[in-house]
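# Residue-level structure breakdown
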Amino acid sequence: MDLTHFDEEGRARMVDVSDKAETARVAVAQGKVLMKPETLERIRSGLIAKGDVLAVAQVAGIMAAKQTSQLIPMCHPLAITGAKLNFKLVEPGEIDIEASVKVHGKTGVEMEALTAVSVAALTIYDMCKAIDKTMTIGDIYLVEKLGGKSGHYRSSRFEARGSKVEE
């Protein structure tokens, strides 16, 4: 497979999608923030001084998905038709983040879903860093995508769980 973000001379370029068909496209990404158990309990109990951590992280993730082309140089600006984030608090000290992003367009929303998860995780870190500098962010990856020329992709990590994509 050719690297499409380079021209014949090896210079960076934005891929020309002018001739591509518009299709419904969906991408789901996941990641996690690991923290001290007492930090997770304070988030769950609403005892973080900066406010409702998950509500702010949810808005930050949605905003990030909408601004991905401003952050990632070769991403096309997209008219996103839907974006949502879900959080799962896992004992003893983990927050799992899932982002789902939709568009009807000429290019996919994988980067938007990955960016949403990343910024939501960074927002959780920012809101809790005063009480827990040991937090780590990681395991951010594309779970599934649907639409476009390459069709349906699902990470092998989720083969047994079934589709995460909401069509």
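This text goes with the structure placed above it.
Here we take up the overall build of the protein chain. A tally of helices and strands in the protein chain yields four helices and five strands. What you see in the protein chain, going N to C, is helices and strands ordered as β-α-α-α-β-β-α-β-β. Principal axes of the C-alpha set define a box for the protein chain whose edges measure 50 × 35 × 25 Å. Burial statistics for the protein chain: of 167 residues in total, 37% are counted as buried. Across the protein chain, contacts joining residues at least 24 apart in sequence account for 68% of those joining residues at least 6 apart. Here the protein chain contributes 22 positive and 23 negative side-chain charges, whose respective centroids are spaced 3 Å apart.

All right, on to the sheet that holds strand β3 (residues 94–105) then. The strand order across the open sheet built from five strands is β2-β3-β1-β4-β5, with neighbouring strands paired in antiparallel fashion. Both outer strands of the open sheet, β2 (82–90) and β5 (153–154), are each paired with one neighbouring strand and no more. Both β2 and β3 contribute to a ladder of nine bridges, which runs antiparallel. Bridge assignment links N86 to a residue of β3, and that residue is E98. Contacts from helix α2 (residues 53–66) reach β2 and β3, with the element oriented near 145° to β2. Against the sheet, helix α4 (residues 110–128) engages β1 (23–34), β2, β3 and β4 (136–146), with an angle of about 145° to β3.

With that out of the way, let us pick up the environment of A57. Structurally, the position occupied by A57 is in helix α2. Among the residues examined, A57 registers a relative accessible area of 0% and is labelled buried. Taking the C-alpha atoms as reference, A57 lies 9.3 Å from A116; in sequence the two are 59 residues apart. Apart from residues lying up to four places away in sequence, A57 is in contact with L85, F87, A120, T123 and I124.

Further remarks concern the pattern of salt bridges. Within the structure shown, the criterion is met by eight salt bridges. Taking the shortest distance from any N to any O, the salt bridge between R44 and E91 comes out at 2.1 Å. Here R44, found in helix α1 (residues 37–45), pairs with E91, found in the loop between β2 and β3; they are 47 residues apart in sequence, far enough to count as distant. The class of R44 is partly exposed, set by a relative accessible area of 41%. Relative accessible area serves as the criterion here: at 52%, E91 is assigned to the exposed category. Its salt-bridge partner being R154, residue E144 comes within 3.7 Å of it at the nearest N-O pair. Of the two residues, E144 sits in strand β4 while R154 sits in strand β5, which places them 10 residues apart along the sequence.

Looking now at α2. Given a rise of 1.5 Å per residue, 14 residues ought to cover 20 Å, and the 20 Å separating the end C-alpha atoms of α2 matches this to within 8%. Among the residues of α2, V53, L54, A57, A60, G61, A64 and A65 are the ones counted as buried. Buried residues of α2, viewed axially, fall in a sector of 135°; they line one side. Where α2 is buried, its residues touch α1, α3 (68–71), β2, β3 and α4. N-capping of α2 is provided by D52, with a side-chain oxygen placed 3.3 Å from the backbone N of L54.

Ranked by size, the top nonpolar core spans 29 residues in total, and within it V33, M35, I43, V53, I95, I97 and I124 carry the most contacts. For this core, the leading source of residues is α4, giving nine residues. When near neighbours in sequence (up to four residues on either side) are disregarded, I97 contacts A29, Q30, G31, V33, L85, N86, F87, V117, A120, A121 and I124.

Running from amino to carboxyl end, α2 crosses α4 at an angle of 145°, the nearest separation of the two axes being 7 Å. Note on packing geometry: the crossing formed by α2 with α4 is right-handed. In this structure, α2 uses V53, L54, V56, A57, A60, G61, A64 and A65 to contact α4, whose residues at the interface are E112, T115, A116, V119, A120, T123, I124, M127 and C128. When its residues are assigned to classes, the contact of α2 with α4 shows 13 nonpolar, three polar and one charged.

Procedures and definitions
- Residues numbered from 1 in each chain as written.
- Predicted model: local features only at pLDDT ≥ 70, side-chain atom pairs only at ≥ 80, totals over all residues.
- Heavy atoms only, no water.
- Helix = DSSP H or I, 4+ residues; strand = E, 2+ residues; numbered from the N terminus.
- Buried < 20%, exposed > 50% of the residue type's maximum accessible area, 1.4 Å probe, protein only.
- Contact = heavy atoms within 4.5 Å.
- Lys, Arg positive; Asp, Glu negative; His and termini not counted.
- Charge placed at Lys NZ, Arg CZ, Asp CG, Glu CD.
- Pairing = 2+ DSSP bridges.
- Axes fitted to C-alpha atoms, helices over the stretch in contact; angles between N-to-C directions.
- Salt bridge = Lys/Arg side-chain N within 4 Å of Asp/Glu carboxyl O.
- Expected span 1.5 Å × (residues − 1).
- Arc of directions from axis to C-beta.
- Polar contact = N/O pair within 3.5 Å; in protein donor to acceptor, adjacent residues only side chain to side chain.
- Core = buried A, V, L, I, M, F, W, Y, C linked by side-chain atoms within 4.5 Å.
- Left-handed = near helix turned anticlockwise from the far one by under 90°.
- Nonpolar A, V, L, I, M, F, W, Y, C, P; charged D, E, K, R; others polar.

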